[in-house]
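# Per-entry structural report
So the chains spell out like this:
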Amino acid sequence: MHEEFHGSEYAKRGGPFEMIQLWVNLSAKDKKAPPGYQNITNAQIPRVDLPSGAGTVRVIAGNYKGTQGPAHTFSPMNVWDVRLTAGKRVEFRVPAGWTTALFVLKGRGRLGSGETAGAAELAVLERKDETFAIEALEDTTLLFLNGQPIEEPIIGQGPFVMNTRAEIDQAMDDCRNGRMGRLAAHA
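Computed from a predicted model, the values in this text were never measured in an experiment.

### Quick notes on the sheet that holds strand β9 (residues 116–118)
Read across the sheet, 4 strands follow the order β6-β11-β8-β9 without closing on themselves; strand pairing throughout is antiparallel. The outermost strands of the open sheet, each flanked by one partner alone, are β6 (89–93) and β9. Ignoring strand direction, the axes of neighbouring strands in this sheet form an average angle of 30 degrees. Pairing geometry for strand β8 (residues 108–111) and strand β11 (residues 131–136), over 3 bridges, is antiparallel. Each residue of the ladder has a partner; that of Arg-110, found in β11, is Glu-135.

Below is the structure:
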């Protein structure tokens, strides 16, 4: 069980609030790992400048050109916050066979295939490509999500993703009966 919340100072002052929540499937051997929380602050996320003033990459998880992100993952993956400058083109190299998706938070970009993706759109790339290009048609912020496929069956229901229907039924029963923890009531 978990709960998202913002700090009391933000509640008093207000202001812009942006958030994206990612859920990552785990392989069968890791699905019952003890729960964990990673508090990663902006100061802990390394930033790499892209060539020719094309923008920056903040490496949250995985590795970008030798710069390692602070997030722990159970399987090999990259999660990068990419900021691209309007009119610039950049190439990224990814491991062959990995799943790669770009979620555009702001702006608009053209992929090497000629397709464009704008704010709140997800572009899923072909697994065979190892290098791909993005041209920023305007200043663009996107999440680069890339990972090694797990290649196991998945069954999903509610917030659970397991490998079999029996595992889903057990997870639902565990949740209903408090075996996954309980959240305290707020006054």
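### Digging into the sheet that holds strand β7 (residues 99–106)
Taken together, 6 strands build an open sheet; the order of strands is β1-β2-β5-β12-β7-β10 and the sheet is antiparallel. On the outer flanks of this sheet lie β1 (47–49) and β10 (121–124), each paired with one strand and no other. With strand direction ignored, the average angle separating the axes of adjacent strands in the sheet is 20 degrees. Inspection of the sheet shows strand β2 (residues 55–61) paired to strand β5 (residues 77–84) by 6 bridges, in the antiparallel sense. Note on β5: the bridge partner recorded for Val-59 is Trp-80.

### Observations concerning the packing of aromatic side chains
The final tally for this structure, using the stated rule, is 8 aromatic pairs. An angle of 75 degrees between the planes, with centres 5.0 Å apart, marks the rings of Tyr-64 and Trp-80 as edge-to-face. Placement of the pair is Tyr-64 in strand β3 (residues 63–64) and Trp-80 in strand β5, with a sequence separation of 16 residues. Residue classification places Tyr-64 among the buried residues on the basis of a relative accessible area of 5%. What makes Trp-80 buried here is its relative accessible area of 2%. Between the aromatic rings of Phe-132 and Phe-144, the centroid separation amounts to 6.0 Å while the plane-to-plane angle is 10 degrees, which identifies the pairing as stacked. With Phe-132 in strand β11 and Phe-144 in strand β12 (residues 140–147), this pair connects stretches of sequence that are 12 residues apart. Here the two residues Phe-132 and Phe-144 agree in accessibility, since each one is buried. A network of ring pairs unites the aromatic residues Tyr-64, Trp-80, Phe-92, Phe-132 and Phe-144 as a single cluster.

### Details of the pattern of salt bridges
Enumeration according to the criterion identifies 15 salt bridges in this entry. Salt-bridge contacts for Glu-9 lead to Arg-13; the nearest nitrogen and oxygen are separated by 3.8 Å. Note that Glu-9 and Arg-13 are positioned in helix α1 (residues 8–13) at a spacing of 4 residues, about one turn of the helix. The salt bridge partner of Arg-47 is Asp-49, with a shortest N-O separation of 3.4 Å. Taken individually, Arg-47 and Asp-49 each receive the classification exposed, so the pair is uniform in this respect.

Calculation criteria
Residues numbered from 1 in each chain as written. Predicted model: local features only at pLDDT ≥ 70, side-chain atom pairs only at ≥ 80, totals over all residues. Heavy atoms only, no water. Pairing = 2+ DSSP bridges. Helix = DSSP H or I, 4+ residues; strand = E, 2+ residues; numbered from the N terminus. Axes fitted to C-alpha atoms, helices over the stretch in contact; angles between N-to-C directions. Phe/Tyr/Trp six-rings, centres within 6.5 Å; stacked < 30°, edge-to-face > 60°. Buried < 20%, exposed > 50% of the residue type's maximum accessible area, 1.4 Å probe, protein only. Salt bridge = Lys/Arg side-chain N within 4 Å of Asp/Glu carboxyl O.

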